[in-house]
Amino acid sequence: MAEVRVRVPAKVNLALNVGATGQDGYHALGTVFQAVSLFDELTARPLSTGEIRLSFRGEGAAGLPTDGTNLVTRAARLLAKTCGAEGAGADIRIHKRIPIAGGMAGGSADAAATLVACNQLWETGLSLQQLHGLAAQLGADVPFLLHGGTALGAGRGEKLTPVAVGGTFRWVLALSHHGLSTPAVFREFDRISSPQPTGIGPDLLAALADGDVPRLGKLLSNDLQQAAISLQPELAEVLRMGRDAGAAGAIVSGSGPTIAFLAGEAGTSDAIAERLLLSSRVRAVRRVCGPVPGAQVVG
């Protein structure tokens, strides 16, 4: 096969409950993921040398490693090893639009896209469920970006249950000038907060099923939000701006610092975006919708 192209979305967390730390050193999580229409695009071509060659362009490309430490390279190598195809090579090029260190799982999305692309490129023939097993070895968010849609996540986030959604939700994303390290945010959570129950309340799931934007907006929650604000205090001002502009709800996505504002009508989305663009606290604004599918071959 000459080339495989895969498109993969970002995610927002509509709820993120952070529990106690387990013996593996990771916090137990209860979350609701939604995949949204902000996409990275990956192109993979075969390399007869057997090497994994990686390059990036677009959002944050200059700061990304392209060696064996990158999750993309690790994903390709894991797939090759699992399938007994250690000699398989790939030239992987990624056009990034998902912000780096933004709480939207850009690195995990690229790893999920790599599994899908190389599985087709090398004709290794793994099923989606088999790819899920590999994704869970790579990181907590990688499995969800394989599937997309809206899902409950348990464990570290890798144990997924699809969630029924009544319609499409509009989001306005406020991108920050500076990223946040996920480990640093969890350390700050441990410093200023206590572990919480990880169960997801039925009211939020009912609001999703009904497509009820006002009700869903009131139920958005993130136990890491205060830790992210503690590390980047300007996020509190951005949250206020979006709410004042008419957002039905506002939440720091994951470990941040990207903030997701839930909008009802298109006009509300426009008003939120216009207000945020006036602020020096906001680097860029993206208007997206969800849910959308996970990593998909597009050519």
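What counts, and at which threshold
- Residues numbered from 1 in each chain as written.
- Predicted model: local features only at pLDDT ≥ 70, side-chain atom pairs only at ≥ 80, totals over all residues.
- Heavy atoms only, no water.
- UniProt positions renumbered as here; feature names shortened; annotations may be inferred.
- Phe/Tyr/Trp six-rings, centres within 6.5 Å; stacked < 30°, edge-to-face > 60°.
- Helix = DSSP H or I, 4+ residues; strand = E, 2+ residues; numbered from the N terminus.
- Buried < 20%, exposed > 50% of the residue type's maximum accessible area, 1.4 Å probe, protein only.
- Lys NZ or Arg CZ within 6 Å of the ring centre and 35° of its normal.
- Contact = heavy atoms within 4.5 Å.
- Polar contact = N/O pair within 3.5 Å; in protein donor to acceptor, adjacent residues only side chain to side chain.
- Salt bridge = Lys/Arg side-chain N within 4 Å of Asp/Glu carboxyl O.

In the annotation of an unreviewed UniProt entry, the protein is listed under the name 4-diphosphocytidyl-2-C-methyl-D-erythritol kinase and assigned to Arachnia rubra. Within the UniProt record for the protein, the comment given under Sequence similarities (unreviewed entry) is "Belongs to the GHMP kinase family. IspE subfamily." UniProt, in the comment section headed Pathway (unreviewed entry), describes the protein in these words: "Isoprenoid biosynthesis; isopentenyl diphosphate biosynthesis via DXP pathway; isopentenyl diphosphate from 1-deoxy-D-xylulose 5-phosphate: step 3/6."

Draft legend 1. Just the packing of aromatic side chains, in detail. The full count for this structure, using the stated rule, is one aromatic pair. Both rings, one in Phe-33 and one in Phe-144, keep their centres 4.7 Å apart while their planes meet at 15°; by these two values the pair is stacked. Of this pair, Phe-33 sits in strand S2 (residues 27–46) while Phe-144 sits in helix H4 (residues 142–147), placing them 111 residues apart in sequence. Take Phe-33 and Phe-144: they sit in the same class, and that class is buried. We note Arg-7 situated over the ring of Phe-39; from NZ or CZ to the ring centre the distance is 3.9 Å. The ring of Tyr-26 carries Arg-156 above its face, with NZ or CZ at 3.9 Å from the centroid.

Draft legend 2. Main features of the UniProt feature "binding site: ATP" (unreviewed entry) in the protein. This chain's UniProt record puts "binding site: ATP" (unreviewed entry) on Pro-99, Ile-100, Ala-101, Gly-102, Gly-103, Met-104, Ala-105, Gly-106, Gly-107, Ser-108 and Ala-109. Relative to the elements of secondary structure, Gly-102 occurs in the loop between strand S4 (90–96) and helix H2 (106–121). The contacts of Gly-102, once residues within four sequence positions are left out, are Ser-253, Gly-256, Pro-257 and Thr-258. Relative to the elements of secondary structure, Ala-105 occurs in the loop between S4 and H2. Here Ala-105 falls in the buried class, since its relative accessible area comes to 11%. Not counting chain neighbours up to four residues away, the residues in contact with Ala-105 comprise Lys-11, Asp-141 and Leu-145.

Draft legend 3. Broad picture of the UniProt feature "active site" (unreviewed entry) in the protein. The UniProt feature table records "active site" (unreviewed entry) at Lys-11 and Asp-141. Across 131 residues in sequence, these annotated residues keep their C-alpha atoms within 8.9 Å of one another, forming a single compact spot. Relative to the elements of secondary structure, Lys-11 occurs in strand S1 (residues 4–21). Of the polar contacts made by the side chain of Lys-11, one reaches the side chain of Asn-13; its length is 2.4 Å. Mapping Asp-141 onto the fold places it in the loop between helix H3 (128–138) and H4. When near neighbours in sequence (up to four residues on either side) are disregarded, Asp-141 contacts Lys-11, Phe-33, Ala-105 and Ser-108.

Draft legend 4. The arrangement of the pattern of salt bridges in detail. Tallied over the entire structure, the rule returns 12 salt bridges. With its nearest N and O atoms 2.3 Å apart, the salt bridge here joins Arg-287 to Asp-270. Remark: Asp-270 occurs in helix H10 (residues 266–277) and Arg-287 occurs in strand S11 (residues 284–290); sequence separation between them is 17 residues. Under the relative-accessibility criterion, Asp-270 is labelled partly exposed at 31%. Overlapping salt bridges, with partners in common, bring together Asp-40, Lys-96 and Asp-110 in one network.

Draft legend 5. Structural detail: the environment of Gly-211. Structurally, the position occupied by Gly-211 is in the loop between helix H6 (202–210) and helix H7 (213–219). The exposure class assigned to Gly-211 is partly exposed, which follows from its relative accessible area of 23%. Between the C-alpha atom of Gly-211 and that of Phe-169, which follows or precedes it by 42 residues, the distance is 7.7 Å. Setting aside residues up to four positions removed in sequence, Gly-211 forms contacts with Gly-166 and Phe-169.

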